[in-house]
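Working through the structure, step by step
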Amino acid sequence: MQTIDLPEAPVVLADNLPSLLRLLDGAEAGAVIVDVFGFGQPANEVLDAIRASAPSCPIISFTSSVERDYSELLVRAGSNAVVDIERAPEQLMARIQEALRGRELKAQGSRFLRSSNRPSIDKEAHNMGSKSPSSVGSTGLTRRTFLKASAAGGAGLAVVAAVPGTPTKVLHALEASGAIQTSGEELFGVVCSPNCWMGCRLNAHVRDGKLVKTSMNPMPEAQYNRVCLRGLSHVQRVYDPDRFKYPMKRVGPRGGGEWERISWNEAISTIASEIARIQGKYGKTAFAFAPMSGNYGVINGGLAGAIQRFAGIVEGTVVGGAIDQAMPLGMAQVLGNVLNGGQAFGLGNEAADMQYSRMVTVWGSNITESQVHNWHFISDAMENNGAKLVVIDPTFTATAAKADIWIRPRAGSDPALALSVIHTIIEEELWDLDFVMNHTVGPFLVSSETGLFVRENPEDPTSRYLVWDQSTGGAVPFDEAVDPALLGEYDVAGVMVSPAMQLLADEAAKFTPEEGGVNNTDVPPDQVREYARLYATQKPAFIYPGFGIDRYTNGHLTGRGLATMAALTGNVGVSGASPAGAMGGGALMALLDPANVMGWLFPAGTFYGSMNYLLLYDALIKGEVEMYTPADPLNGLAGTTTSEPQMVPYPIKGAFLNTSNFVSNFPNQNKIEQELFSEENLEFVAVAEIRPTDTTAYADMILPITHWFENDDIVGGIHPFLLRNDKALEAPFEAKPDLEIFRLLAEEMGFPEYFDKTAQEYAEGIVEELANNLGEGGAAAVQQYRDTGAVRLFPYPFYSFADKNFYTSSGRCEFYAEWETLNHPATSPATVLTVPMGGNPLPHFEPPYEAWPDNPLFEKYPLVNYQEHSKWRIHSQWFQVPWLRELDPEPVVKLSPEDAAQRGIENGDYAEVFNDRGQATFKVIVSEAILAGMCNTPKGWQRYQFKEGGYQELTNDHKHPINMNCAFFDTLVDVRKA
Amino acid sequence: MAEKRLAMVVDTVRCIGCSTCALACKVENNLPNEIWWNRVLTVGGSEIDTPELRNGHLEMSYLTLACQHCENAPCVKVCPVGATFKNEDGVIMQDYDRCIGCRYCMVACPYTGVRQFNWEDPEYDVPFPVGGAEVPAHQKGTVEKCTFCAHRLEDGLEPACIEVCPARARTFGDLNDPDSEVSEKLREKSSVQLLAEKGTKPSVYFLT
């Protein structure tokens, strides 16, 4: 008997079948590997014998031939896997690992099945005596007895003499004979349109005018086919018994919950007169139009929608941004503002490109729950390309469970972790030298005096950048250099200068994995180095960043770090490598830039003012905000009118909200309810909504709107297609699409000509405009849209920067920049502003504002609170769907075992999560997935669903001067048993 | 025409436990409140979506569990009235009209929970039947379970839970056809079956 040691398990060799069987009788084997044809007996007898000795042990059979028939036979005879002996070197280890994993799976499954609470069986035993089998059915009449009776009486009803198991066959026969009618089913092409951005094309199945189910409707490319549990549950959203039926106005105090039904006429004339009154008294911009992300239908939705079109005509203010804006801002800093200063969401590759990657990093995202349809591309890469998956997240999410390497950084430490990786890449020279030299500012010399790049002609900021040529020992223009230096310090005309790479190296040296890195991130140095080497060398490597890292005040610095990692390693602009995620080429990306749809958005040639949602807090409470004014409202790259933000009077006294659950989804809920929405601060607020939410509770007027399947629209997501959504159902009661509401308002206010077309007429106009602006033929696009209901805006495959032209002033990746991108006053139309670099131009680290151990508040509130985006909801939609509530019934807080034990809290208890801003009561789940020192309160529940309070009371509305972005996870709390 | 041996193959490496398959089944079959034919079990900690800490590592995966449509089905053997039977394609069917609610099948079946019983009148949150048009109505006092969407198989369609899987982890087909996707997957990858030692010979395979 020989024993070999494998990394997975020891292997014992048996010489012959009897001794193998004896071995198996005696001890439990993880797997059996057998040369099944080598025993001079039929293979199936060998397998039977092994099975008899070890019934549940996985068997790996060797064949000496690649003939498929043998594999087939062996699987049917009981092999769990078959390996061709000639390919054993490649295949055997994988099969052993799979077999061991399978054994684990079966054991766990068995354990579950055996120990599982069998309530129905227990109830069974209890009721056996009391219930008589014949009393089934409320009337005691079974369908069979009824049928017998009616057949005898020739009732001529829908008689189905059921042959067991094939009722449908009989039904078909009866239908064909004309004996019965079943109602037909009609299919409509619709699109699920929430803020997961997955833009799933669905079929709405309609019988007798009612939606009975949804199903997946094929996309133009099968690899983008998609639907999820939420998209399948629309029936319960359409027929939600709490849907608003009629316009309503508040009676009694705001937030008091008393309503009176009014007519649409009264609603429209009230809103119109309030707009006129408030604009007359406080100025045009004092009336705000505040959409969010609840509907990505372009016409009825909140991104370049009818609401913005209307706002521009009346020259009000559109409030925007302040969520998801930090991380992309940092990436834009390095890679360049795209789409006229638009957000950096579009700076990556299209999602399907991930299948070609060999190394995927998912950083700060739980895609298997929040962006489900991007998972299979990664799974394909792992299966087909041998791609490695690294997941970086303090929590062991379902995505992390799939990873080859899971890195667990301290909450909010991500910029430091990125710098540790950058340090490793530089120190170990893992960079892509060619890319760094030619496509980054790495070799460009920076003056230690001015902090600016050194130019050929110091008076002319457009003259060529200088580098240090090591072959001549002097500074020369970059395109004349033979051997540019990346490191060092040099004297140029009496001023000390360094290549930008040296400055990056100096900054990153503060975060070596072994010291500054681990001290700030808690990540073991070996793991950082292993990851950095993998990322730099297993190419192409794809970075998939999520908004988990965006929800700390330092999110823009993580963005800079990630983009820099990609720039150093040349993982940019090629298939399988993205510096900035998988939203490239998305139809949505095109819509983020107003310049692409000027005709639709600004038909009157007048514009709205822009305000960032965090600045709205000050506008409502104080009537003045500190903000920059863009030099050109439509071009953020044109800079600002002042070098510092100025305090500007900016009252907001009235608001119209659609696609928004502002009171639930913005931070510091008590402040929102008590101060922002006080009747004194906000004189009038109308909310267009489908059912009651935390926001409608604080409205003066509620307008009932249609579900997505009850109106026409055109929808874009982060896949490449614009999709037509066809009205499938009639609007119930007096619900109206948002477009219709603005049409009525426009008629009332005297400009009906801007809203006199149908939704699809506007949609086709948008398709044409977009296609023309993006370089593809507009007329052809419209025809394609008409014929197929889908348009692909960018050709396949799309990856940003394929031509290596970065949208920076140097045209290169600027991990050192002379200017800084900012996010205020808003994110559209002047999406990002540029100001001369005031702070640290490199990727660097600053801790989160609140959630960091150095903060004295930590003594009082030692847990970092975050709100996961789980599979049961998309933000605050689907919170009431009964099917989903059966699986996920109530608000929970997930705690680590250590934190729970320390507080005397057990799994299943109720606990209060609290800080100085508020509190809420949750059911406790104790989970090893949660890092000690954090607590997870999944997002989307409404206040009425809590025993007490609401989770959004806990978050803060701090304004970071650069990213002006809500940092929901930058929250300190404590937890106590309720 | 050759007999079919219908089978389902679920890839646990790709499966992310998202419950899309469970919802597809719930809607397609117009399942009453609290009744689930397909359940997603977390293989890890004791609560849904929680991992287990083993030997210093966290682990979590998912098992989607419905009727295993066993070739050697114990439920068929014990049903006193023939309400539970195997059809010609190997699908274990349930005739609600014959079912007398004795629940012997639930006792015999080792796959706890795949069979569900309507103790009371079925209740629904939606006031009309949803899902497939030809789904038999649910009845108080009867057992029900996954039918491999027999009503869809009639129309040449696959079970509702197959095509919806966002992870592309589910395959369905005829094991008697060597060119079918299920046959191909079982040849190419390792697989296990649940409670194989009981000799039920399930028609569901889990790839590892």
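What counts, and at which threshold
- Residues numbered from 1 in each chain as written.
- Chains lettered and ligands numbered in written order.
- Predicted model: local features only at pLDDT ≥ 70, side-chain atom pairs only at ≥ 80, totals over all residues.
- Heavy atoms only, no water.
- Helix = DSSP H or I, 4+ residues; strand = E, 2+ residues; numbered from the N terminus.
- Buried < 20%, exposed > 50% of the residue type's maximum accessible area, 1.4 Å probe, protein only.
- Contact = heavy atoms within 4.5 Å.
- Areas by Shrake-Rupley, 256 points an atom, 1.4 Å probe, with all protein chains shown as cover.
- Rg over C-alpha atoms; globule rule 2.2 N^0.38 Å.
- Lys, Arg positive; Asp, Glu negative; His and termini not counted.
- Charge placed at Lys NZ, Arg CZ, Asp CG, Glu CD.
- Pairing = 2+ DSSP bridges.
- Axes fitted to C-alpha atoms, helices over the stretch in contact; angles between N-to-C directions.
- pLDDT = per-residue confidence, 0-100.

Time to look at the overall build of chain A. A tally of regular secondary structure across chain A gives 29 helices and 38 strands. Burial analysis of chain A (978 residues in total) assigns 62% to the buried set. In chain A, 71% of the contacts between residues at least 6 apart in sequence involve partners at least 24 apart. About 35100 Å² of surface is accessible on chain A, with carbon and sulfur atoms providing 51% of the total.

Moving on, we get to the overall build of chain B. What chain B contains, in helices and strands, is six helices and 12 strands. What you see for chain B is a C-alpha radius of gyration of 17 Å, in line with the 17 Å of a compact globule of 208 residues. Counting over 208 residues, chain B shows a buried share of 66%. Contacts in chain B between residues far apart in sequence, at least 24 positions, make up 61% of those at least 6 positions apart. Total accessible area on chain B stands at roughly 7300 Å², and carbon and sulfur atoms take up 48% of it. Side chains of chain B give 21 positive and 30 negative charges; the mean places of these two sets differ by 5 Å.

Picture the strands of a sheet paired through backbone hydrogen bonds; they go either parallel or antiparallel. Residue and element names in this part refer to chain A. Reading across from one edge, β6-β7-β8 is the order of the three strands in this open sheet, with antiparallel pairing throughout. Taken across any chain shown, the strands that pair with only one partner, and hence form the sheet edges, are β6 (186-191) and β8 (210-216). On average, adjacent strands in this sheet sit at an angle of 30 degrees to one another, irrespective of strand direction. The pairing of strand β7 (residues 201-207) with β8 spans six bridges and is antiparallel. Following the sheet pairing, V206 is matched in β8 by L211.

To continue, consider the confidence of the model for chain A. All names here are of chain A. The share of residues in chain A with pLDDT of 70 or more is 88%, and the mean pLDDT across the chain is 88. In this model, residues 118-182 is a region of pLDDT below 50 whose contacts with residues beyond four sequence positions or in other chains number 62 contacts. When the criterion is pLDDT under 50, residues 827-831 qualifies, and its contacts beyond four places in sequence or with other chains add up to 20 contacts.

Before going further, it helps to examine the side chain of A:D957. All names here are of chain A. Residue placement: D957 occurs in the loop between β37 (934-936) and β38 (971-977). We classify D957 as buried; its relative accessible area is 10%. For D957, the residues in contact, after removing those within four places along its chain, are L614, Y617, P667, N668 and K671.

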